[in-house]
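Here are the chains, one letter per residue:
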Amino acid sequence: MIHPTVAVSEIIRQQRQFFATGKTKDVDFRIAQLKCLKAAISSNQSQIVDAVKADLNRPEFEAYFEIAAVSEVNYAIKHLKSWIKPRKVPTPIDQFPASARVYPEPKGVVLIIGPWNYPFQLMISPLVGAIAAGNCTILKPSEIAVNTSQVVANIIAQNFDPTYIVAIEGGVEISQQLLAEKFDHIFFTGGTKVGQIVMEAAAKHLTPVTLELGGKSPCIVDADIQVEYAAKRITWGKFINAGQTCIAPDYLLVDRKIKPDLLKAIKQSIQEFYGDNPAQSPDYSRIINQRQLSRLAGLMKEGELVAGGEVNAEDRYIAPTVIDGIYWDSLVMKDEIFGPILPVLEYDDLGDAIAQINARPKPLALYIFSKDKGKQERILRETSSGGVCINDTVMQVAMTSLPFGGVGDSGIGSYHGKASFDTFSHYKSVLQKSFFLDLKWRYAPYQGKVDLIKKIIG
């Protein structure tokens, strides 16, 4: 663990010095570091689980979602040797004789800033890409999830040289110090407002950024569904981690004909998952802090309660809540909820529903529940979102082979699997010419060559 009083600029200088040795570019070194990370995660599972329990009261089952970062490590180890190979590309006849290749190379020293809602997984998963691509890395865990921040810092300190990978704990002042420095890439996961601050700071140094943000992810529910399965999948995706999930369904947009049956089934699912009193359930998380709890409690003043509504500030508890009778201009529809509150809107015409979604910032995720292939295709064609999941929620994030990221207000760039490697790599284009032959068509004098150049440029 690096103490905040250590000069950030000195840490960066040391990492640049280590990067300059070229050691991180060696594929065997990268694989060894990935294996070291995997071993560190495996040997600290109980500490990770205990930390997220302390921060969010996460049940043990959900706490293991944090350790799912190991799947990213395994995927990178398996594919890294193929990812780093230069890729040959075709050369046109006017370049003859020549060859052209694209070489992936590390960017240098990168900064990864993590969030508090999945404070281990969303810190470590991008680190996998940074290691695989051959970078030196500074990690800034969220100080809001204080227990997990300490675990991340300890794991990194015990397993990696700080001139290669280091975790720096601290609050806003440390983040400000880091953002004042020049990095070769910044990867940020968090809210849109802070994402704007990160991008503004990066712009001063022309530093490229990846922003994994959020937004109001809609869940469209058609009348042609399997109601019981849809209700369970919506309930699970909304209320895991007490709704503090960036891709949780933010609101339901339901065909009017199916709404009564769906709401009844969701209410039954809540009872089935968490019992008659979710406050007593060992499987239900808590809100991260009082500030977030107060904000969320203020969003439940409109509409008609279908389920939940109970708040216990001392226990940081908000019940799984479903609210009907919500309108597009309701307070709960203004910003991303990021908590266990599910507002319900209805539609008669799918085109109107699509138009309402398109009138708002592009979401990180969009969910479609329908058996109708034509409607599925129409929604895919006529909306824009970071990703889509059909007839389920949240599970798309578990697909290592699918790039994960937002669009517009919900983010810039993507990661997971190969996309993580790409994010932390620069693809260097190389054209190699031969001395075998030197055609004179491009040299002056140009008299009599205009028709030739016209043909070449097509």
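In this report, the structure presented in the accompanying data block is examined. For clarity, every value in this text was computed on a predicted model and none was experimentally measured.

1. Side note on helix α9 (residues 192-203)
Then, in step 1: Here α9 contains 12 residues, and its C-alpha end-to-end distance of 16 Å stays within 8% of the 16 Å for a straight helix at 1.5 Å per residue.
Then, in step 2: Regarding α9, the residues found buried are G195, V198, A201 and A202. For α9, the buried positions fall inside an angular range of 125° around the axis, keeping them on one side. Within α9, the exposed residues directed more than 90 degrees away from the buried face are K193, Q196, I197 and E200.
Then, in step 3: The secondary structure elements touched by the buried residues of α9 are α8 (172-179), β6 (185-189) and β7 (209-212).

2. Side note on the layout of surface pockets
Then, in step 1: Taken as a whole, the second largest pocket spans an internal volume of roughly 410 Å³.
Then, in step 2: Looking at the second largest pocket, it is lined by 24 residues, and the ones nearest its centre are F65, Q121, V394, V397 and A398.
Then, in step 3: Those elements that provide at least two residues to the lining of the second largest pocket are α5 (69-83) and α6 (121-133).

3. Side note on a nonpolar patch on the surface
Then, in step 1: Taken together, the side chains of I93, F96, F436, L437 and L439 make up a nonpolar region of the molecular surface, amounting to roughly 550 Å² of accessible area.
Then, in step 2: Mapped onto the secondary structure, I93 falls in the loop between β1 (87-89) and β2 (98-106).
Then, in step 3: For I93, a relative accessible area of 70% puts it in the exposed group.

4. A few points about the packing of aromatic side chains
Then, in step 1: Applying the stated criterion to the full structure yields 16 aromatic pairs.
Then, in step 2: Relative to F29, the ring of F18 lies with its centre 6.4 Å away and its plane at 50°, an arrangement referred to as tilted. Taken together, the residues F18 in helix α1 (residues 8-20) and F29 in helix α2 (residues 27-43) connect sequence positions 11 residues apart.
Then, in step 3: Among the residues examined, F29 registers a relative accessible area of 12% and is labelled buried.

5. Overview of helix α3 (residues 45-56)
Each full turn of the α-helix corresponds to 3.6 residues, which orients residues three or four apart in the same direction.
Then, in step 1: For α3, spanning 12 residues, the distance from its first C-alpha to its last is 16 Å, which sits close to the expected 16 Å at 1.5 Å a residue.
Then, in step 2: Within the span of α3, buried status applies to I48, V49, A51, V52, D55 and L56. One side of α3 holds all its buried residues, which, seen down the axis, span an arc of 160°.
Then, in step 3: Contacts from the buried residues of α3 go to α2, α4 (60-67) and α7 (146-159).
Then, in step 4: Once α3 finishes, N57 follows within two positions and takes phi at roughly 55°, a positive value.

6. Quick word on the side chain of H416
Then, in step 1: Here H416 shows up in the loop between β19 (414-415) and α15 (418-423).
Then, in step 2: Judged by its relative accessible area of 6%, H416 is buried.
Then, in step 3: Dropping the residues within four chain positions of it, H416 is found in contact with E72, V397, M399, T400, L402 and F404.

7. Description of the pattern of salt bridges
Two side chains of opposite charge can pair, provided their charged atoms sit close to one another.
Then, in step 1: A complete count under the given rule lists 19 salt bridges for this structure.
Then, in step 2: Two residues, D250 and K216, come together in a salt bridge whose shortest N-O distance is 2.4 Å. Residue D250 is found in the loop between α10 (227-239) and β9 (251-255), and its partner K216 is found in the loop between β7 and β8 (218-221); the two are separated by 34 residues along the sequence. Across the pair, exposure class does not vary: D250 and K216 are buried alike.
Then, in step 3: Residues joined by salt bridges that share partners form a network here, namely R256, K259, D324, E346 and D348.

8. Side note on the side chain of Q33
Then, in step 1: Position of Q33 among the secondary structure elements: in helix α2.
Then, in step 2: Apart from residues lying up to four places away in sequence, Q33 is in contact with I131, F160 and Y164.

9. Topic: the sheet that holds strand β13 (residues 321-324)
Then, in step 1: Strand order in the open sheet formed by 7 strands is β10-β13-β14-β9-β8-β15-β16, with mixed pairing between adjacent strands. What marks the edges here is a single partner per strand, and that holds for β10 (304-307) and β16 (387-390). On average, each strand axis in the sheet is tilted by 25° relative to the strand beside it, whichever way the strands run.
Then, in step 2: Judged from the 3 bridges that link them, β13 and strand β14 (residues 341-347) form a sheet pairing that is parallel. Counterpart to I323 in the pairing with β14 is P343.
Then, in step 3: Sheet strands touched by α10: β8, β9, β13, β14 and β15 (365-369). Its angle to β14, the strand with the most contacts, is close to 135°.

10. Comments concerning the pairing of β14
Then, in step 1: Of all 7 residues making up β14, 6 are buried, and the element is well covered by its neighbours.
Then, in step 2: Of the pairings in the sheet, the one linking β9 to β14 comprises 4 bridges and is parallel in character. Bridge assignment links L253 to a residue of β14, and that residue is L345.

11. A word on the packing of α10 against helix α11 (residues 259-274)
The relative placement of two packed helices is expressed as an angle between their axes plus a distance between the axes.
Then, in step 1: Relative to each other, α10 and α11 sit at 55°, their axes nearing to 8 Å. Compared by their axis directions, α10 and α11 come out oblique. The two elements α10 and α11 meet at a crossing, and its hand is right-handed. Two secondary-structure elements touch here, α10 through V227, A231, K232, I234, T235, W236 and F239 and α11 through D261, L262, A265, I266, S269, I270, E272, F273 and Y274.
Then, in step 2: Of the residues in the contact of α10 with α11, the class split is 11 nonpolar, 2 polar and 3 charged.

Criteria and thresholds
Residues numbered from 1 in each chain as written. Predicted model: local features only at pLDDT ≥ 70, side-chain atom pairs only at ≥ 80, totals over all residues. Heavy atoms only, no water. Helix = DSSP H or I, 4+ residues; strand = E, 2+ residues; numbered from the N terminus. Expected span 1.5 Å × (residues − 1). Buried < 20%, exposed > 50% of the residue type's maximum accessible area, 1.4 Å probe, protein only. Arc of directions from axis to C-beta. Contact = heavy atoms within 4.5 Å. 1 Å grid on protein atoms, 1.4 Å probe; cavity = no way out; pocket = protein on both sides within 12 Å on 5 of 7 lines; lining within 4 Å. Points joined across faces, edges and corners; volume = space filled by probe spheres on them. Patch = residues over 30% accessible without salt bridge, like charges linked within 9 Å, V, L, I, M, F, W, Y side chains within 5 Å. Areas by Shrake-Rupley, 256 points an atom, 1.4 Å probe, with all protein chains shown as cover. Salt bridge = Lys/Arg side-chain N within 4 Å of Asp/Glu carboxyl O. Phe/Tyr/Trp six-rings, centres within 6.5 Å; stacked < 30°, edge-to-face > 60°. Pairing = 2+ DSSP bridges. Axes fitted to C-alpha atoms, helices over the stretch in contact; angles between N-to-C directions. Parallel < 35°, antiparallel > 145°, perpendicular 65-115°, else oblique. Left-handed = near helix turned anticlockwise from the far one by under 90°. Nonpolar A, V, L, I, M, F, W, Y, C, P; charged D, E, K, R; others polar.

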